[in-house]
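Summary of structural features
Okay, here's what each chain looks like letter by letter:
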Amino acid sequence: QVQLVESGGGLVQPGGSLRLSCVASGSIFSVKAMRWFRQAPGKEREWVAGINISGVISGSTYYADSVKGRFTISRDNAKNTVYLQMNSLKPDDTAVYYCNAESEISARSRQTYWGQGTQVTVSS
């Protein structure tokens, strides 16, 4: 089991910046990738960014087109933490942001975990 705790959300003006944090605990040895999702009111949950934690592609990052060039996902393995640095924020970025962890127990076993979410509001 993996526990995820998020922080860093808040209210910012358009063009401002926020840095979200996600601390993982529990069976973190099994985590292979970390992701950020977001969900705005009345909309479907949207994938934002991902980073590989282990394996030959460890450290590789991926971004949704809507945030490329503005958001950066990173990791601090010593602190079991992933970050989402959000710059040049737009009103459309307003959403609850969720941290996600993917664990691979074996070639035939995979489990995902979710954080509680943190609110990001970008004022008009």
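To start, this report covers the structure provided alongside it. None of the values given here were measured: they were computed from a predicted structure. (Residues numbered from 1 in each chain as written. Predicted model: local features only at pLDDT ≥ 70, side-chain atom pairs only at ≥ 80, totals over all residues. Heavy atoms only, no water.)

**Points about the overall build of the protein**
In terms of regular secondary structure, the protein is built from 0 helices and 11 strands. Overall, the protein shows an N-to-C arrangement of helices and strands of β-β-β-β-β-β-β-β-β-β-β. Computed over the C-alpha atoms, the radius of gyration of the protein is 14 Å, within 12% of the 14 Å expected from 2.2 N^0.38 for a compact globule of 124 residues. Looking at the protein as a whole, 40% of its 124 residues are labelled buried. Partitioning the intrachain contacts of the protein with sequence separation of at least 6 by distance along the chain shows that 53% fall at a separation of at least 24. Accessible surface, the protein as shown: approximately 6,800 Å² in total, 48% of it carbon and sulfur. (Helix = DSSP H or I, 4+ residues; strand = E, 2+ residues; numbered from the N terminus. Rg over C-alpha atoms; globule rule 2.2 N^0.38 Å. Buried < 20%, exposed > 50% of the residue type's maximum accessible area, 1.4 Å probe, protein only. Contact = heavy atoms within 4.5 Å. Areas by Shrake-Rupley, 256 points an atom, 1.4 Å probe, with all protein chains shown as cover.)

**Here we look at a nonpolar patch on the surface**
A cluster of nonpolar residues, W47, V56, I57 and Y62, forms a patch on the protein surface that exposes about 430 Å² of accessible area. Turning to its location among the elements, W47 is positioned in strand 5 (residues 46-52). (Patch = residues over 30% accessible without salt bridge, like charges linked within 9 Å, V, L, I, M, F, W, Y side chains within 5 Å. Salt bridge = Lys/Arg side-chain N within 4 Å of Asp/Glu carboxyl O.)

**Thoughts on the pairing of strand 3 (residues 18-26)**
Examined bridge by bridge, strand 1 (residues 2-7) and strand 3 share 6 bridges and lie antiparallel to one another. Bridged to V5 within strand 3 is V23. Pairing of strand 3 with strand 8 (residues 81-86) involves 6 bridges; the strand directions are antiparallel. Bridge pairing in strand 8 places R19 opposite Q85. (Pairing = 2+ DSSP bridges.)

**A word on the state of the cysteines**
Under the criterion given, the structure shown has 1 disulfide. Across the disulfide, C22 is cross-linked to C99 (sulfur-sulfur distance 2.1 Å). Disulfide C22-C99: the torsion about the S-S bond is -85°, which places it as left-handed. With a gap of 77 residues between them, C22 in strand 3 and C99 in strand 9 (residues 95-106) connect regions that are remote in the sequence. The same class applies to C22 as to C99, namely buried. (Disulfide = S-S within 2.5 Å.)

**So, unusual backbone geometry**
The phi angle at N80 is positive, at roughly 50°, despite the residue not being glycine. Mapped onto the fold, N80 is located in the loop between strand 7 (71-76) and strand 8. By relative accessible area, N80 is classed as partly exposed at 32%. Backbone geometry places S88, a non-glycine residue, at a positive phi of 50°. Locating S88 in the fold gives a position in the loop between strand 8 and strand 9.

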